[in-house]
There are 2 protein chains.
Amino acid sequence: MAQEFEELKLCNQLCFPLYACAKEVVRMYKPYLDEFDLTYTQYIAMLVLWEQEEISVKQLGELLYLDSGTLTPVLKKLEQKGYLHRERSKEDERVLLVTLTEVGEELKQKAVKIPRQMGACMKLEPEEALTLHRILHKLLDGCTDS
Amino acid sequence: MAQEFEELKLCNQLCFPLYACAKEVVRMYKPYLDEFDLTYTQYIAMLVLWEQEEISVKQLGELLYLDSGTLTPVLKKLEQKGYLHRERSKEDERVLLVTLTEVGEELKQKAVKIPRQMGACMKLEPEEALTLHRILHKLLDGCTDS
DNA sequence: AAACACTACATTGTACACAATTAAATTTAC
DNA sequence: GTAAATTTAATTGTGTACAATGTAGTGTTT
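About the thresholds
Residues numbered from 1 in each chain as written. Chains lettered and ligands numbered in written order. Predicted model: local features only at pLDDT ≥ 70, side-chain atom pairs only at ≥ 80, totals over all residues. Heavy atoms only, no water. Helix = DSSP H or I, 4+ residues; strand = E, 2+ residues; numbered from the N terminus. Rg over C-alpha atoms; globule rule 2.2 N^0.38 Å. Buried < 20%, exposed > 50% of the residue type's maximum accessible area, 1.4 Å probe, protein only. Contact = heavy atoms within 4.5 Å. Areas by Shrake-Rupley, 256 points an atom, 1.4 Å probe, with all protein chains shown as cover. Lys, Arg positive; Asp, Glu negative; His and termini not counted. Charge placed at Lys NZ, Arg CZ, Asp CG, Glu CD. Near = heavy atom within 4 Å. Polar contact = N/O pair within 3.5 Å; in protein donor to acceptor, adjacent residues only side chain to side chain. Nonpolar A, V, L, I, M, F, W, Y, C, P; charged D, E, K, R; others polar. Salt bridge = Lys/Arg side-chain N within 4 Å of Asp/Glu carboxyl O. Axes fitted to C-alpha atoms, helices over the stretch in contact; angles between N-to-C directions. Parallel < 35°, antiparallel > 145°, perpendicular 65-115°, else oblique. Left-handed = near helix turned anticlockwise from the far one by under 90°. Phe/Tyr/Trp six-rings, centres within 6.5 Å; stacked < 30°, edge-to-face > 60°. Lys NZ or Arg CZ within 6 Å of the ring centre and 35° of its normal. Pairing = 2+ DSSP bridges.

Caption draft 1: Local environment of the overall build of chain A. Looking only at helices and strands, chain A features seven helices and three strands. Overall, chain A shows an N-to-C arrangement of helices and strands of α-α-β-α-α-β-β-α-α-α. Its C-alpha radius of gyration of 19 Å places chain A more than 25% over the 15 Å reference for a compact globule of 146 residues. When the backbone C-alpha atoms are referred to their principal axes, chain A occupies close to 65 × 35 × 25 Å. By the burial criterion, 49% of the 146 residues in chain A qualify as buried. Pairs at least 24 apart in sequence give 51% of the contacts found in chain A among residues at least 6 apart. Accessible surface computed for chain A: about 7700 Å², of which carbon and sulfur atoms make up 52%. For chain A, the separation between the mean place of its 19 positive charges and that of its 25 negative charges on side chains is 5 Å.

Put into structure tokens, the structure is as follows:
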């Protein structure tokens with residue numbers, strides 16, 4: 001009878017724990033990020049810049065799965081804070097290049113403690129963390145094909 | 001040398017694929033939900049009501065990990081669409097009770113196809129889906145303790 | 001080289017999400 | 001039995017997210 005509605009139960013959804021978990025984890029970052037006056041979105045943008053030093057908005061968007069509508073205000077904020085510069089490419093004026101400032105580069109030294117603090121909060125076995133990482137990436141790949 | 005910054009690489013983060021994956025999955029729902037004129041947040045609220053018929057905003061918030069700041073406008077929208085009623089409890093005027101309307105109840109019949117359509121999009125082995133479900137719930141439990 | 005298509009980013013509008021505050025009802029303490 | 005504390009929603013302010021549109025620069029076609 002209710003059998004046909006089993007699929008609609010919240011506890012049988014895969015999407016829901018994914019959605020809720022992502023939000024909760026971002027929320028757990030907050031106290032650690034507050035110390036750096038960064039939001040989560042600003043933080044992941046900085047993660048990329050700490051790896052690359054310079055990148056276009058388009059490339060950054062591809063890495064973070066974000067479009068210019070989201071990135072433009074985030075990058076303007078980070079520029080205000082003095083962590084990066086935004087300037088048009090000489091070769092192609094359409095491209096906006098984002099570059100770390102000295103201050104932004106220095107922040108990296110202090111930021112290494114963030115992943116450590118978060119790791120301590122996430123109560124997963126190392127093997128579970130690896131499995132989770134693998135399955136999420138498989139799902140992500142599946143999303144972008146379609 | 002760069003060894004100490006390994007933890008800051010985007011590809012070594014667990015939080016990031018979680019965050020990105022959640023967003024992409026919500027995005028994949030959109031075409032199916034558009035058909036019902038529902039957003040993802042409205043949809044998960046309806047999932048709960050299809051199980052319960054009547055619930056307080058507080059209880060709903062606990063189930064969905066959302067606060068009244070998010071739920072109040074979402075529930076007002078669903079009321080506008082005619083899917084639910086919002087009225088104060090007689091026993092305790094502080095409590096706002098949300099109840100399915102006839103129309104909201106009927107929607108359940110058509111909505112069963114949504115999880116099926118989404119299931120077909122998520123290219124995971126059944127066993128991976130179970131593992132993902134288990135690990136996400138473990139993580140979620142860990143979040144709420146702390 | 002002028003028209004056309006395309007690309008990269010910015011802007012606009014809608015909808016969350018959450019912290020912090022407010023407001024009203026209820027419970028607890030004294 | 002009233003003042004204080006607590007509880008439940010609503011409101012306000014800030015910051016994403018994303019679809020859709022706008023705009024300027026670049027490439028292509030003929």
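Caption draft 2: Representation of the protein's contact with DNA strand C. Taken together, 30 residues lie near DNA strand C, and A:Y19, A:K58, A:T72, A:R86 and A:L96 sit nearest. Sugar and phosphate atoms form 82% of the subset of DNA strand C atoms that lie within 4 Å of the protein. For DNA strand C, a phosphate oxygen lies 2.5 Å from a polar atom in the side chain of A:Y19. Every element with two or more residues in the surface near DNA strand C is listed here: α1 (15-34), α3 (57-64), α4 (68-80) and β2 (84-88) of chain A together with α2 (40-52) and α4 (68-80) of chain B. In terms of residue class, the surface near DNA strand C is made up of seven nonpolar, nine polar and 14 charged.

Caption draft 3: Molecular detail of unusual backbone geometry. Residues and elements named next belong to chain B. Of note in this structure, D37 is not a glycine but carries a positive phi near 55°. Looking at where D37 falls in the secondary structure, it is placed in the loop between α1 (15-34) and α2. Of note, the phi angle at Y65 is positive, near 60°, even though the residue is not glycine. With respect to the element layout, Y65 can be found in the loop between α3 (57-64) and α4. By relative accessible area, Y65 is classed as partly exposed at 25%.

Caption draft 4: The arrangement of the pattern of salt bridges in detail. Residue and element names in this part refer to chain A. Overall, the coordinates contain 25 salt bridges over all chains when judged by the stated rule. As a salt-bridge pair, D37 and K81 come within 3.3 Å of each other at their nearest N and O atoms. Of the two residues, D37 sits in the loop between α1 and α2 (40-52) while K81 sits in the loop between α4 and β2, which places them 44 residues apart along the sequence. We classify D37 as partly exposed; its relative accessible area is 48%.

Caption draft 5: A look at the packing of α1(A) against helix α6 (residues 113-121) of chain A. Residues and elements named next belong to chain A. Remark: α1 packs on α6, axes separated minimally by 10 Å, with the N-to-C direction vectors making an angle of 135°. When the axis of α1 is compared with that of α6, the two are oblique. Crossing hand, α1 versus α6: right-handed. Contacts between α1 and α6 pair V25, M28, Y29, Y32 and L33 from the former with I114, Q117, M118 and C121 from the latter. For the contact of α1 with α6, the residue count by class is eight nonpolar, one polar and no charged.

Caption draft 6: Focus on the packing of aromatic side chains. Taken as a whole and assessed by the stated rule, the structure comprises 12 aromatic pairs over all chains. Their ring planes at 40° and their centres at 6.4 Å tell us that A:F16 and B:Y65 sit as a pair that is tilted. In this pair, A:F16 sits in helix α1 while B:Y65 sits in the loop between α3 and α4, so the two residues belong to two different chains. Aromatic side chains B:Y29 and B:Y40 sit 5.4 Å apart centroid to centroid with 55° between the ring planes, which places their arrangement in the tilted category. Placement of the pair is B:Y29 in helix α1 and B:Y40 in helix α2, with a sequence separation of 11 residues. Note on accessibility: B:Y29 and B:Y40 belong to one class, buried. Site record: aromatic cluster; members linked through ring pairs are A:F16, A:Y19, B:Y29, B:Y40, B:Y43 and B:Y65. A cation over a ring is seen here: A:K108 above B:F5, with NZ or CZ 4.4 Å from the ring centre.

Caption draft 7: A look at the sheet that holds strand β2 (residues 84-88) of chain B. All names here are of chain B. Spatially, three strands are ordered β1-β3-β2 in an open sheet, and the strand pairing comes out antiparallel. Each end of this open sheet is capped by a strand with a single partner; those strands are β1 (54-56) and β2. Going from strand to strand, the sheet's axes swing by 25° on average, the running direction of each strand aside. For β2 and strand β3 (residues 96-100), the ladder comprises five bridges, and the chain directions are antiparallel. Paired with H85 across the strands is T99, a residue of β3. Along the sheet, α4 makes contact with β2 and β3, crossing β2 at roughly 125°.

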